[in-house]
Amino acid sequence: MAEQSVCHSAGVRRDRIVIQPYDAAWVAGFETQRAVLEPVLGVPVHHIGSTSVPGLPAKPIIDMLAVVEDRDQVDLVAVEAAGWRHAPEPGDEEQRKLSFCHPTVEHRTHHLHVVEYSSEGWRDWLLFRDYLREHRDEAERYAALKRELAAADDTDRPRYRAGKAPLIAELMLTARSWRLA
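Residues numbered from 1 in each chain as written. Predicted model: local features only at pLDDT ≥ 70, side-chain atom pairs only at ≥ 80, totals over all residues. Heavy atoms only, no water.

## Digging into the packing of helix α4 (residues 122–134) against helix α6 (residues 157–180)
Moving on, step 1. Two numbers describe how α4 lies on α6: the axes approach to 9 Å, and their chain directions differ by 85 degrees. It follows from the interaxial angle that α4 and α6 lie roughly perpendicular. In this structure, α4 uses D124, L127, F128, D130, Y131, L132 and E134 to contact α6, whose residues at the interface are I168, L171, M172, T174, A175, R176, W178 and R179.
Moving on, step 2. Its residues assigned to classes, the contact of α4 with α6 shows nine nonpolar, one polar and five charged. (Axes fitted to C-alpha atoms, helices over the stretch in contact; angles between N-to-C directions. Helix = DSSP H or I, 4+ residues; strand = E, 2+ residues; numbered from the N terminus. Parallel < 35°, antiparallel > 145°, perpendicular 65-115°, else oblique. Contact = heavy atoms within 4.5 Å. Nonpolar A, V, L, I, M, F, W, Y, C, P; charged D, E, K, R; others polar.)

Spelled out as structure tokens, the structure:
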């Protein structure tokens, strides 16, 4: 679900939507940056998005999540000194969210979402990840749709995100029931 956001600061992203086969190196890439960020942020950092689901094809950008009490207390200078670039996105201010890319916005391998504990949505990102990790058949449905949408037009990010939305909503309903079971 974190894939729906885009890391940019100087306009619209122009890179193509490329869905790659799962790469086990994504876990190591996450762990390396988690070890850098946790001491700076002072909170746990979670691996989210498609790269966090073993076997799931994905865009090769590792999505990460940090949940803080107050985003205004995040030391932007320290995060940037750790090799991350602040990359505000539309809606960040209203959602009390911070967005960062590593190593640069233009050539990012990682995307960090810093959200406040009281904000909505982040729990769903973790639930969606956990549900897909446990339900390979649903992960395959999601992968097939992502491949289909990227193949239809690998430059239209709004269309790609909108095309995924109905299946994500369906899977989230099922995931919420699964969590309660």
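## Overview of the packing of α4 against helix α5 (residues 136–152)
When two helices pack together, their arrangement is captured by the angle between the axes and the distance separating the axes.
Moving on, step 1. It is at 5 Å that the axes of α4 and α5 come closest, and there the two elements cross at 110 degrees. Comparing the axis directions of α4 and α5 gives the class roughly perpendicular. In this structure, α4 contributes F128, Y131, L132 and E134 to the contact, and α5 contributes R136, E138, A139 and Y142.

## A look at helix α1 (residues 25–41)
Moving on, step 1. Counted at 1.5 Å a residue, the expected span for α1 with its 17 residues is 24 Å, and the 24 Å between its end C-alpha atoms agrees.
Moving on, step 2. In α1, a bend of some 30 degrees at R34 exceeds every other bend along the element.
Moving on, step 3. Turning to α1, its buried residues number three or more, namely W26, G29, F30, Q33, L37 and L41.
Moving on, step 4. Buried-residue contacts for α1 involve β1 (45–48), β2 (62–68), α2 (76–81), β4 (97–102) and β5 (110–116). (Expected span 1.5 Å × (residues − 1). Bend = angle between axes of the 7 residues up to and from the residue. Buried < 20%, exposed > 50% of the residue type's maximum accessible area, 1.4 Å probe, protein only.)

## Brief notes about the sheet that holds β4
To summarise the sheet geometry, strands pair through backbone hydrogen bonds and adopt either a parallel or an antiparallel arrangement.
Moving on, step 1. Strand order in the open sheet formed by five strands is β1-β2-β5-β4-β3, and the pairing between neighbours is mixed. Two strands lie at the open edges of the sheet, namely β1 and β3 (85–86), each paired on one side alone.
Moving on, step 2. Taken together, the six bridges between β4 and β5 define a ladder with antiparallel strand orientation. Within β5, the residue paired with K97 across the bridge is V115.
Moving on, step 3. Across the sheet, α1 lies against β1, β2, β4 and β5, angled at about 150 degrees from β1, the strand it touches most.
Moving on, step 4. Sheet strands touched by α4: β1, β2, β4 and β5. Its angle to β1, the strand with the most contacts, is close to 55 degrees. (Pairing = 2+ DSSP bridges.)

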